[in-house]
Amino acid sequence: MRPALKIALTAASVSGLLLTATPAMAAPAGNAPSCVTVWENIGTITKTGYARNDCGSTLNLKIVWAHGVDGSCSSVRPGQTLSSKVSRGPRTFDGANTC
C-alpha cells in the first residue's frame, strides 16, 4: 500500500472513532411520540440514555434498555430531559416508551 493512501485511510479511521465518542443521536425508538428526542452517551464504564420532551404537554416516559430492566417511569414536562444510566456490556439503548 502506498504511504499516502495508508495515511489517508488511517486519518479516516481516526475521524470515524472521534465521531463515535460524541453523544449518539438515535432514531426515535420505543412507543414515545416523535416529538420526544432520544439519544445515548457511552462512557468508559456506563451508558446513559436520554429522552427530551419537545412536545407541548407533560408525558410519562421511561428509558428502554434491551437485556435488562428499563428506567423508571417519570413525568417529564415540556423541555425537560429524562435520563437512565446502566453499566456497559450487553445492554442496548432502545429509546423511550410512554408509561
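Each remark here, short or long, concerns the structure printed above.
Below or above, wherever it landed, is the structure these notes cover. (Residues numbered from 1 in each chain as written. Predicted model: local features only at pLDDT ≥ 70, side-chain atom pairs only at ≥ 80, totals over all residues. Heavy atoms only, no water.)

**Brief notes about unusual backbone geometry**
Part 1: Positive phi is not limited to glycine here, since His67 has a value of about 65°.
Part 2: Following the sequence through the fold, His67 ends up in the loop between β4 (59-66) and β5 (74-76). (Helix = DSSP H or I, 4+ residues; strand = E, 2+ residues; numbered from the N terminus.)

**Side note on the nonpolar core**
Considering soluble globular proteins, one finds that nonpolar side chains tend to be buried as a cluster.
Part 1: Core analysis: the largest hydrophobic core is formed by 14 residues, its most contacted members being Val36, Val38, Ala51, Leu61 and Ile63.
Part 2: Breaking this core down by element, the ones donating at least two residues are β2 (36-42), β4, β6 (81-87) and β7 (92-98).
Part 3: Broken down by element, this core gets its largest block of residues, 4 residues, from β4.
Part 4: Setting aside chain neighbours within four positions, we find Leu61 in contact with Ala32, Val36, Ser72, Cys73, Ser74, Val76, Leu82, Asn97, Thr98 and Cys99. (Core = buried A, V, L, I, M, F, W, Y, C linked by side-chain atoms within 4.5 Å. Buried < 20%, exposed > 50% of the residue type's maximum accessible area, 1.4 Å probe, protein only. Contact = heavy atoms within 4.5 Å.)

**Observations regarding the sheet that holds β5**
Part 1: Here we have 3 strands laid out as an open sheet, ordered β5-β4-β7, and antiparallel in their pairing. Each edge of the sheet is formed by a strand with only one pairing partner; in this case those strands are β5 and β7. For this sheet the average axis-to-axis angle between neighbouring strands, irrespective of direction, equals 40°. (Pairing = 2+ DSSP bridges. Axes fitted to C-alpha atoms, helices over the stretch in contact; angles between N-to-C directions.)

**Some thoughts on the packing of aromatic side chains**
Part 1: A full pass over the atoms with the stated rule returns 2 aromatic pairs.
Part 2: Ring centres of Trp39 and Tyr50 lie 5.1 Å apart, and the angle between their planes is 15°; this geometry places the pair in the stacked category. With a gap of 11 residues between them, Trp39 in strand β2 and Tyr50 in strand β3 (residues 46-53) connect regions that are remote in the sequence.
Part 3: Residue class for Tyr50 comes out partly exposed when judged on its relative accessible area of 21%. (Phe/Tyr/Trp six-rings, centres within 6.5 Å; stacked < 30°, edge-to-face > 60°.)

**Considering the state of the cysteines**
Part 1: This model, assessed by the stated rule, comprises 2 disulfides.
Part 2: One disulfide in the model links Cys35 with Cys55; its S-S distance is 1.8 Å. Residues Cys35 and Cys55 share a disulfide whose torsion about the S-S bond is about 85°; that sign makes it right-handed. Linking Cys35 in the loop between β1 (24-25) and β2 with Cys55 in the loop between β3 and β4, this pair joins segments that are 20 residues apart in sequence.
Part 3: Relative accessible area serves as the criterion here: at 28%, Cys35 is assigned to the partly exposed category.
Part 4: For Cys55, a relative accessible area of 11% corresponds to the buried category.
Part 5: Disulfide pairing places Cys73 opposite Cys99 at an S-S distance of 2.0 Å. Taking the sign of the torsion about the S-S bond as the criterion, the disulfide between Cys73 and Cys99, at about 90°, is right-handed. Of the two residues, Cys73 is situated in the loop between β4 and β5 and Cys99 in the segment after β7; the sequence distance between them amounts to 26 residues.
Part 6: Given the relative accessible area of 40%, Cys99 is considered partly exposed.
Part 7: If one numbers only the bonded cysteines of the protein chain, in the order they occur, the disulfide pattern is 1-2, 3-4. (Disulfide = S-S within 2.5 Å.)

As far as function goes, none of this settles anything; it's purely spatial.
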